[in-house]
Amino acid sequence: MKGTHLGEFQEIVLLTIMVLNENAYGVSIKREIKSRADRAISRGALHTALSRMEDKGLIKSWQGEANKERGGMPKRYYEVTNKGIAALKDAKDIRDQLWNEVPKLRLQHNYA
Amino acid sequence: MKNPVNLPPSLYRKLFQKFCRKELYYELQGDLLEEFSLNVEELGPTKARWIYKKEVLKMLRPSVIKKFKNSNKYYNNTAMFRNYTKVAFRSLSKNKLFTFINVTGLAIGMSVGLLIVNLVFDAVQFDQFHENKERIHRVTSKPVQVGFRWNEGAAAPNILGEKMAEEVPGIEAVAKIRRWFFGNLKLNDNSIYANGVYADENFFKVFSFDLQQGNPATALTNPFSIILTETLAEKLMPEENLMGKVLSIPERGEYLVTGIVADPPKHSHFKFDALVSYSSVKPLEEQNILAEASTNWRDFSAGYVYFLLEKGQTLDNVQSWLNRMGQEAYADDENFFVNFDTQKLTQIVPGKNLNNQLGTEFPPLPLIILGAVAMMIVLSACFNYTNLSIARALRRSKEIGVRKIVGSSRRQIFNQFTIETVMVTVIAVFFSVFIFMVIKPLFISSIPRIDQVMQIENPPVLMVYFLLFAIFIGLIAGVFPALFFSKIKPLLALRSNASMKLFSHLNIRKVLIVVQFSISIFFLIAMTVVLKQYRFTMAFDMGFQQENILNMSLFGNDHERLINELEKIPEISAISASSMVVGSGSNRTLMLRNPVTNDSLFTNFISATPSYFDLHDIDVIAGSIYEPRQIGDNLSKMMVNVEFSRFHGYDSPQDILGEIFYVQGRPMTITGVIEDFNYQYIEEPIRSLILMESTNTMGFINMSIQGGDIVGTLEKIESAWKAVDEENDPSIKFLDTQLEEASGFLLIFTRVFGFLGLIAASIACLGLLGMAVFNAETRVKEIGIRKAVGASVSNLIMVLSKSFISLILISGVIGAFIGYLVLDKLILAEIHYRVGVGLFEMFIAMLILFTLAFIAVVSQTWRAAKRNPVESLRYE
């Protein structure tokens, strides 16, 4: 369990990569997170998260094509591995369990 | 164009390329560039460039930046560091003399540095305790008037503050302060003297003084309310709650205690024992107890205006309003307007030099000068270290050669020597803290008013700053030798006959010696010149009698009653009352109107009874002294000085007699003209002056005494004082002592320059001593041969000392030149009656230093020259 524990940010990054499917690379991941979660992250922070997850084997990457906007520098695409998917599922299961255990009444907002 | 708008900032692009790891560079830079070009379309180029810069800076994280070269090459760093420390200790204890010179020099130099660190540490803490310090400002005023030079002052008319609160938007609160509240507070039989200010109800809204009892919003609202500080309350009535009690103050009425406030913190720019509600000012002015200043637009000394800006507001609104008011409020006088300005609370201390400060003042100029001087001295000590370390390279070069051959990198050698230097400075800082402890009280007591800024206690956190300072100094002193040593080529170092070549281009050492000695000579010249100016000032004929005159402060007592008492004492031959101690510079000004030209201008003024002139032996040149004023007489006669009649265009003093001038709107006839005398400091030229007997501005009693029994006379004066004022002790001073005190700053300069000169000279001589020792040691064989071939001792001393002597001569010329420029053109230029910088002072300064340097050099060369050549040549 311990090795596959996901941080909240890591979880979002993993899910975003899966949403983006074939087109997950630095800029697209960053912009997707910005548009969905309204969360501005720096490319540096994203790099740290990606490289850690790659070390853990949750994602893998390969070099892609270059274009003019990028000053001729190739992209690096990311893809979630089976281990990554398993870690996501684990995280989701724990959450679902917890959500189910919460008494219905507590879910209403309190306006005391 | 270097940087087209649609390209990312090149500096940052290159920066990123520099620090990013190679294997990540394409991916990350590509992403950044792509993002940038998207941002240019969506947000515009400026924003995009800004985002790019931010992104690059955020890339500074361990996972992105390059690993340092070699960082994983040496696994056991601690072992190396331990070795460096050990070697450093060994080499330090092996060369005891050099260690001694370095540690002493650095310790002496750094103790001066520590003083400055301490001073800065204290000065920057001022007014930091106010919660809203960022938003509090005060209004300063600089009146502009034709024919009179005003200085910018910290005070501003209080009526301006009233208007400001009404008219200017964006101000949360305006706190008006009126200074000079004082008096004996009485409660039952207890009484205590208190100083303070009048403050309005916004006082606690603006400032964060800690009101312990009472309501901050209302405590200062009603007239005749008073807030006491804890200490004052405790002194007045120990262990009793004074809230709600009524205190009486003689001649000022009864005051209700509405609050107890914690003592103002040490780092508050103004301090008080008590606060009285500002609403009391009006009734007090109506009763003529206070001068009418609260509604007077021309009051620039009694009132202060502080204001609190609303959050997010800028000063623009306020400033433009102030600019307008400075013209509008004085529209009736075409020759007069005021430049109002604002000053941030935290910039008051240390802050610019203003007149009429409310409390502590600490202009930044002395701080800068002291800082620069201290830096010079500390650097001088660093030079010594640098010089001596490099000189010793001859001996250490073999060690370095071996280290390098075994595998040390340049960086490691560099580290080793830096560590060694830092060690020496840290040892030195311990000694310098001791020296610092000794000289700090001297420093504080010899510079007047510095105790307002600098605290006697040393807070522990200061020691941390001292240690940081020591490490910083160590790095400065060590960087040059460390660079030098790390550059040594192992092969050259190990070849025995190559060692001399290491020094082939080391002129820098000579430059350093010259710099050190120039600094020392400069300080010594400064000391002698300022001493000369002090002697000159003391001997200067100021135009009035200085001996056997006693001055006594009135403390608000009636001068006529006191004079009646004093007249009974036979030893007093003459008595007068006056508004200022003559020659001490603290004169007042009044508004004077010339009836002919109709010009209004401020003029210096002294209030004096008719006997004042005889007592001070001031000659009347034309006309006669005004008659003593009888009760009920209107003030209508005045005397002027010769400069006055000259200034107003009268050729002969006779012509001005009987003319009527208007003083504060009141017609005054000139009855006599007196000779010019230096009633202000000697730094000021004599300006026009009016004298009259204005009874409510008297501040001092002047007495001319006769007979030898001064102690007995003083006792009689004291008992006369007690008959008039039981509560306060009299303050009696001799005029000549007061004059000496007024010029005391010159003496302080002498002491400071002398002290610094001594320190600089001793550091320089220590360095020279070290160089001489080194020189004598390396040339042992040369000396031996010279001696064996027949050179005499004096011959050898000449040979060995020649280079040093010429260096010192060069620095003598440089130091004298700089000394002349700085002293003659900068420092003495401020003084009106002054001496010049003569050859004699320069000669004295050089003589002192040359003697010291000569002793240092010759003592060493003498020893080397006396040595038996057999000993040094035995192994050849």
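Visitor: Just checking my understanding: could you explain unusual backbone geometry for this structure?
Guide: Most peptide bonds take the trans configuration, and most residues that are not glycine carry a negative phi. Residues and elements named next belong to chain B. With a phi close to 60 degrees, Asp 127 is a non-glycine residue in the positive phi region. With respect to the helices, strands and loops of the structure, Asp 127 is situated in the loop between helix 5 (96-123) and strand 1 (136-145). Relative accessible area serves as the criterion here: at 0%, Asp 127 is assigned to the buried category. Not every positive phi belongs to a glycine, and Glu 239 is a case in point at roughly 55 degrees.

Visitor: Looking at this model, I keep getting lost on the packing of helix 1 (residues 8-20) of chain A against helix 3 (residues 43-56) of chain A. Mind explaining?
Guide: The description of two helices packed together rests on the angle between their axes and the distance between the axes. Residue and element names in this part refer to chain A. Relative orientation of the contacting elements helix 1 and helix 3 amounts to 85 degrees, with a least axis distance of 10 Å. Considered as vectors, helix 1 and helix 3 are oriented roughly perpendicular to each other. Of the residues in helix 3, those touching helix 1 at Phe 9, Gln 10, Val 13, Leu 14 and Ile 17 are Ala 45, Leu 46, Ala 49, Leu 50, Arg 52, Met 53 and Lys 56. Split by residue class, the contact of helix 1 with helix 3 holds nine nonpolar, one polar and two charged.

Visitor: What exactly am I supposed to notice about the pairing of strand 20 (residues 700-705) of chain B here?
Guide: Each regular strand shows side chains that alternate between the opposite faces of the sheet. Residue and element names in this part refer to chain B. Summarising burial for strand 20: five of the six residues are buried, a large majority. Pairing of strand 11 (residues 549-553) with strand 20 involves five bridges; the strand directions are antiparallel. Paired with Asn 551 across the two strands is Asn 702, which belongs to strand 20.

Visitor: Please explain a negative patch on the surface as it appears in this structure.
Guide: On the surface, a cluster of negative charge is made up of B:Asp210, B:Glu230, B:Glu234, B:Glu239 and B:Asp263. For B:Asp263, the position within the fold is in the loop between strand 7 (253-261) and strand 8 (274-277).

Visitor: Is there a simple way to think about the domain arrangement of chain B in this case?
Guide: When the parts come together, some accessible area is lost, and that loss is often what is quoted as the size of the interface. Along its sequence, chain B is carved into domain 1 (10-58), domain 2 (77-124 + 363-505), domain 3 (136-347), domain 4 (509-539 + 744-873) and domain 5 (549-735). Computed from C-alpha coordinates alone, the two centres of domain 1 of chain B and domain 5 of chain B are separated by 77 Å.

Visitor: Could you clarify how one ought to interpret the interface of chain A and chain B in this entry?
Guide: Chain A puts 20 residues into the contact, and the matching count from chain B is 22 residues. A buried area of about 1,800 Å², summed over both sides, lies between chain A and chain B, and 52% of it is on carbon and sulfur atoms. Linking chain A to chain B there are eight salt bridges. A salt bridge links A:Lys30 to B:Glu35; its shortest N-O distance comes to 3.0 Å. The interface formed by chain A and chain B includes 18 residue pairs in polar contact (both at pLDDT 80 or more). Broken down by secondary-structure element, the contributors of at least two residues to the side of chain A that touches chain B are helix 2 (26-37), helix 3 and strand 2 (76-80) of chain A. Counting residues per element, the side of chain A that touches chain B draws most heavily on helix 3 of chain A, at five residues.

Visitor: How should the packing of aromatic side chains be read in this particular structure?
Guide: The geometry of an aromatic ring pair comes down to the distance between the two centres and the angle between the two planes. Under the defined criterion, the tally for this structure stands at 37 aromatic pairs over all chains. When the centroid spacing of 6.1 Å and the interplanar angle of 80 degrees are considered together, the rings of B:Phe613 and B:Tyr626 count as edge-to-face. Taken together, the residues B:Phe613 in helix 18 (residues 611-615) and B:Tyr626 in the loop between strand 15 (620-623) and strand 16 (637-641) connect sequence positions 13 residues apart. When the centroid spacing of 5.2 Å and the interplanar angle of 70 degrees are considered together, the rings of B:Phe644 and B:Phe661 count as edge-to-face. Taken together, the residues B:Phe644 in helix 19 (residues 642-647) and B:Phe661 in strand 17 (residues 660-663) connect sequence positions 17 residues apart. When the ring centre of A:Tyr25 is taken as reference, the NZ or CZ atom of A:Lys75 above it lies at 4.2 Å. For B:Arg252, the ring lying beneath its charged end belongs to B:Phe182, and the centroid distance is 4.9 Å.

Visitor: How should the pattern of salt bridges be read in this particular structure?
Guide: When the charged atoms of two side chains lie near each other, side chains of opposite charge can form a pair. One pass over the full model with this rule turns up 30 salt bridges over all chains. In this structure, B:Arg646 engages B:Asp676 in a salt bridge whose closest nitrogen and oxygen atoms are separated by 3.8 Å. Pair noted here: B:Arg646 is in helix 19 and B:Asp676 is in the loop between strand 18 (666-674) and strand 19 (689-692), with a separation of 30 residues, a long-range link. Under the relative-accessibility criterion, B:Arg646 is labelled partly exposed at 48%. What you see here is one network of salt bridges that share partners, running through A:Lys30, A:Arg31, B:Glu35, B:Glu42 and B:Glu55.

Visitor: For this particular structure, what's the right way to read helix 4 (residues 82-101) of chain A?
Guide: Residue and element names in this part refer to chain A. With 20 residues, helix 4 extends 29 Å between its outermost C-alpha atoms, agreeing within 8% with the 28 Å of an ideal straight helix rising 1.5 Å per residue. All buried positions along helix 4 are accounted for by Gly 84, Ala 87, Leu 88 and Ala 91. When helix 4 is viewed along its axis, its buried side chains cluster within an angular range of 100 degrees and face the same direction. Looking at helix 4, the residues exposed on the side facing more than 90 degrees away from the buried face are Asn 82, Lys 89, Gln 97, Asn 100 and Glu 101. Looking at the buried positions of helix 4, the neighbouring elements they touch are helix 1 and strand 2.

Analysis parameters
Residues numbered from 1 in each chain as written. Chains lettered and ligands numbered in written order. Predicted model: local features only at pLDDT ≥ 70, side-chain atom pairs only at ≥ 80, totals over all residues. Heavy atoms only, no water. Helix = DSSP H or I, 4+ residues; strand = E, 2+ residues; numbered from the N terminus. Buried < 20%, exposed > 50% of the residue type's maximum accessible area, 1.4 Å probe, protein only. Axes fitted to C-alpha atoms, helices over the stretch in contact; angles between N-to-C directions. Parallel < 35°, antiparallel > 145°, perpendicular 65-115°, else oblique. Contact = heavy atoms within 4.5 Å. Nonpolar A, V, L, I, M, F, W, Y, C, P; charged D, E, K, R; others polar. Pairing = 2+ DSSP bridges. Patch = residues over 30% accessible without salt bridge, like charges linked within 9 Å, V, L, I, M, F, W, Y side chains within 5 Å. Areas by Shrake-Rupley, 256 points an atom, 1.4 Å probe, with all protein chains shown as cover. Salt bridge = Lys/Arg side-chain N within 4 Å of Asp/Glu carboxyl O. Lys, Arg positive; Asp, Glu negative; His and termini not counted. Charge placed at Lys NZ, Arg CZ, Asp CG, Glu CD. Domains from an automatic or database assignment. Buried area = accessible area lost by both parts, 1.4 Å probe. Polar contact = N/O pair within 3.5 Å; in protein donor to acceptor, adjacent residues only side chain to side chain. Phe/Tyr/Trp six-rings, centres within 6.5 Å; stacked < 30°, edge-to-face > 60°. Lys NZ or Arg CZ within 6 Å of the ring centre and 35° of its normal. Expected span 1.5 Å × (residues − 1). Arc of directions from axis to C-beta.

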